[in-house]
Amino acid sequence: MASDRDPDVAAAVDAAADGLLTAFDDDLPQPLSASQLRAVLALESLPGGVNLRGLADRLGVVLSSASRLSDRLVAAGLLDRRQSDADRREVLVRLSPSGRRFLAEMRARRRERLARVLARMTPDDRAALRRGLEAFREAAD
C-alpha cells in the first residue's frame, strides 16, 4: 500500500486538480494574471481597503511589486486608490464597484462550469469530492 507521502499520490492529486483549475482559469470575464487575481481576491475581504504595505504583506511580495500590481489593477478599473483619512501620506487601495462585479461574474461563470462537470458525476462521487476538498482545505490552513 502506498504511503500518504508517496510522490505518486501527490502526482495523482496534481493531475486531477488540473481539471478543477481549468474551470477556474478558462472563463475569466477579463484576463488577469495569477498575481492580479490573488490581489483582487485579497482585497475582497477588506471593504475599507488596505495600504500598499498591507497588500504586499498579504500577497507575500515586496512593496514595489504590490505598487506596480495595484497600478495595473487601478488602470483596469478593478481597484480604487485614495489617501488615508488617518495619514494623508498613506495610499489605500480597495476593490472598485467594477472589481466586485468582476468577482461576482467570475464566480458565476466558474460555478456554471463546475455544475456541468459535477452533473456528469455520480452522487457518491460528488459527495466524495466535496469531502475530500473540504479536508484538503482544512489541512492546508
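In the nomenclature of an unreviewed UniProt entry, the protein corresponds to DNA-binding MarR family transcriptional regulator from the organism Catenuloplanes indicus.

Undergrad: How should I be thinking about helix α5 (residues 97-119) in this particular structure?
TA: Note: α-helices contain 3.6 residues per turn, so residues at a spacing of three or four share the same orientation. The terminal C-alpha atoms of α5 lie 33 Å apart, and with 23 residues this matches the ideal 33 Å at 1.5 Å per residue to within 8%. For α5, the full list of buried residues reads Gly 99, Phe 102, Leu 103, Met 106 and Arg 110.

Undergrad: Hey, could you run me through the nonpolar core in this one?
TA: As a rule of thumb, nonpolar side chains are buried together in soluble globular proteins. Counting 22 residues, the largest nonpolar core has Leu 32, Val 40, Leu 43, Leu 55, Leu 73, Val 93 and Phe 102 as its most contacted members. Listed by contribution, the elements that provide at least two residues to this core are α2 (34-44), α3 (52-59), α4 (63-75), β3 (91-95) and α5. When residues no more than four places from it in sequence are discounted, the contact partners of Val 40 are Leu 32, Leu 73, Leu 78, Leu 95, Phe 102 and Leu 103.

Undergrad: I would appreciate a short explanation of the pairing of β3 in the present structure.
TA: Sheet faces and side chains relate simply in a regular strand, where the side chains alternate between the two faces. As judged from the two bridges shared by strand β1 (residues 50-51) and β3, these two strands associate in the antiparallel manner. Looking at the pairing, Asn 51 lines up with Leu 92 of β3. Of the pairings in the sheet, the one linking strand β2 (residues 79-83) to β3 comprises five bridges and is antiparallel in character. Bridge pairing in β3 links Gln 83 to Val 91.

Undergrad: Explain the layout of surface pockets to me, please; I cannot follow it from the model alone.
TA: The probe, sized like a water molecule, is rolled over the atoms to show the empty space still left. Here the largest pocket defines a volume of roughly 890 Å³. For the lining of the largest pocket, the leading source of residues is helix α6 (residues 123-140), giving eight residues. In terms of residue class, the lining of the largest pocket is built from 12 nonpolar, three polar and five charged.

Undergrad: Help me understand the packing of α2 against α4, please; the structure alone is not making it clear to me.
TA: In a packed pair of helices, the relevant descriptors are the angle between the two axes and the axis-to-axis distance. Between α2 and α4, whose axes approach to 10 Å, the crossing angle comes to 80°. Classified by the angle between their axes, α2 and α4 sit roughly perpendicular to one another. From α2, Ser 35, Gln 36, Ala 39 and Val 40 reach across to α4, where they touch Leu 69, Arg 72 and Leu 73. Counted by class, the contact of α2 with α4 contains four nonpolar, two polar and one charged residues.

Undergrad: Any chance you could explain the sheet that holds β1 here in plain terms?
TA: Backbone hydrogen bonds are what pair the strands of a sheet, in a parallel or an antiparallel way. Here we have three strands laid out as an open sheet, ordered β1-β3-β2, and antiparallel in their pairing. At either end of the open sheet lies a strand with only one pairing partner, and these are β1 and β2.

Undergrad: I'm lost on the confidence of the model for the protein in this one. Help?
TA: If pLDDT is low for a region, its predicted coordinates should not be looked at in detail. Of all residues in the protein, 90% have pLDDT values of 70 or greater, and the mean over the chain is 86. The spread of mean pLDDT over the elements of the protein runs between helix α1 (residues 7-25), the lowest at 74, and α4, the highest at 95.

Conventions and cut-offs
- Residues numbered from 1 in each chain as written.
- Predicted model: local features only at pLDDT ≥ 70, side-chain atom pairs only at ≥ 80, totals over all residues.
- Heavy atoms only, no water.
- Helix = DSSP H or I, 4+ residues; strand = E, 2+ residues; numbered from the N terminus.
- Expected span 1.5 Å × (residues − 1).
- Buried < 20%, exposed > 50% of the residue type's maximum accessible area, 1.4 Å probe, protein only.
- Core = buried A, V, L, I, M, F, W, Y, C linked by side-chain atoms within 4.5 Å.
- Contact = heavy atoms within 4.5 Å.
- Pairing = 2+ DSSP bridges.
- 1 Å grid on protein atoms, 1.4 Å probe; cavity = no way out; pocket = protein on both sides within 12 Å on 5 of 7 lines; lining within 4 Å.
- Points joined across faces, edges and corners; volume = space filled by probe spheres on them.
- Nonpolar A, V, L, I, M, F, W, Y, C, P; charged D, E, K, R; others polar.
- Axes fitted to C-alpha atoms, helices over the stretch in contact; angles between N-to-C directions.
- Parallel < 35°, antiparallel > 145°, perpendicular 65-115°, else oblique.
- pLDDT = per-residue confidence, 0-100.

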